[in-house]
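Fold and contact review
What follows is each chain in one-letter form.
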Amino acid sequence: MRVSVIRDPCLSPRQRRVVAEARLGTLLRGCGDQLDVPARASLCLRLTGDAELRDLNARFLGLDAPTDVLAFPSDERSRVGDVAISVERAIGQAPDGVAELRLLAVHGLLHCLGHDHALPQPAAAMTAATRMLLPGADIPDLLTVELVGHA
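Parameters and conventions
- Residue positions are given per chain, counted from 1 along the sequence in the order it is written.
- Under the rules for a predicted model, residues below a pLDDT of 70 receive no local features and side-chain atom pairs below 80 are neither given nor counted, while totals for whole chains, interfaces and linings still include all residues.
- Side-chain calculation: all heavy atoms of the structure are included, whereas hydrogens and water are not.
- Each helix is a run of DSSP H or I of at least 4 residues and each strand a run of E of at least 2, with the numbering of both proceeding from the N terminus.
- A pair is scored as a salt bridge if a Lys or Arg side-chain nitrogen falls within 4 Å of a carboxyl oxygen belonging to Asp or Glu.
- Three labels apply to residues, based on accessible area from a 1.4 Å probe with only protein chains included: buried if under 20% of the type maximum, exposed if over 50%, partly exposed otherwise in between.
- We define a nonpolar core as any set of buried Ala, Val, Leu, Ile, Met, Phe, Trp, Tyr and Cys residues linked to one another through side-chain atoms lying within 4.5 Å.
- Working rule for contacts: check all heavy atoms of both residues, and any pair within 4.5 Å makes them a contact.
- Aromatic pairing here means that ring centres of Phe, Tyr or Trp (its six-membered ring) are within 6.5 Å. Orientation follows from the plane angle: under 30 degrees is stacked, over 60 is edge-to-face, and everything else is tilted.

**Some details on the environment of Arg59**
Along the chain, the position of Arg59 falls in helix 3 (residues 50–61). Between the C-alpha atom of Arg59 and that of Pro140, which follows or precedes it by 81 residues, the distance is 29 Å.

**Digging into the pattern of salt bridges**
Scanning the model with the defined rule gives six salt bridges in all. A salt bridge links Arg46 to Glu52, with the shortest nitrogen-to-oxygen separation between them at 2.7 Å. The residue Arg54 makes a salt bridge to Asp64 at a minimum N-O spacing of 3.0 Å. Residue Arg54 is located in helix 3, and its partner Asp64 is located in the loop between helix 3 and strand 3 (69–73); the two are separated by ten residues in the primary sequence. Here Arg54 falls in the partly exposed class, since its relative accessible area comes to 36%.

**A look at the nonpolar core**
One finds Ile85 and Leu101 to be the most contacted residues of the largest nonpolar core, which totals 39 residues. Elements with a minimum of two residues in this core: helix 1 (13–22), helix 2 (24–34), strand 2 (42–48), strand 4 (79–86), helix 4 (87–93), helix 5 (97–112), helix 6 (120–133) and helix 7 (142–147). Per element, the largest residue contribution to this core is nine residues, and it comes from helix 5. Sequence-distant contacts of Ile85, that is, excluding residues within four places in its chain, are made with Leu45, Arg46, Leu47, Thr48, Leu53, Asp68, Val69, Leu101, Leu104 and Ala105.

**Some details on the packing of aromatic side chains**
Evaluation of the coordinates by the stated rule reveals one aromatic pair. Centroid distance Phe60 to Phe72: 5.1 Å. Interplanar angle 65 degrees. Geometry classified as edge-to-face. In this pair, Phe60 sits in helix 3 while Phe72 sits in strand 3, placing the two residues twelve residues apart along the sequence.

Next comes the structure, spelled out in structure tokens:
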């Protein structure tokens, strides 16, 4: 899978450093290989701040609030979709911003590939896929996380 990573100029030097340490392009390409995503399929990852995620959330989901990650699956065979992550929010909600960015990137990719976590069975499958793609990471059960109000 081809991955384009776009870093918003609004990112602070610390945020850019955390993004570099997360190696998200390499991670997502490896995830694509594990999930048998065609090598020529593309994914665009946008790393930005709360303001842009709030705007996207309002425009596409009707929710006037920032969020940590949004996924926009594609209907085209050659495109997996687009993922937008608030680096600001990722660093703010976890002591290890690198691990949180990696988790959010995988979460967004899985959504683009059709995974969901609104119901127990699909949530369990998405949690299992996330754990497979991020071995050794502390991955919460998605349905439990959803029930306590975390996106």
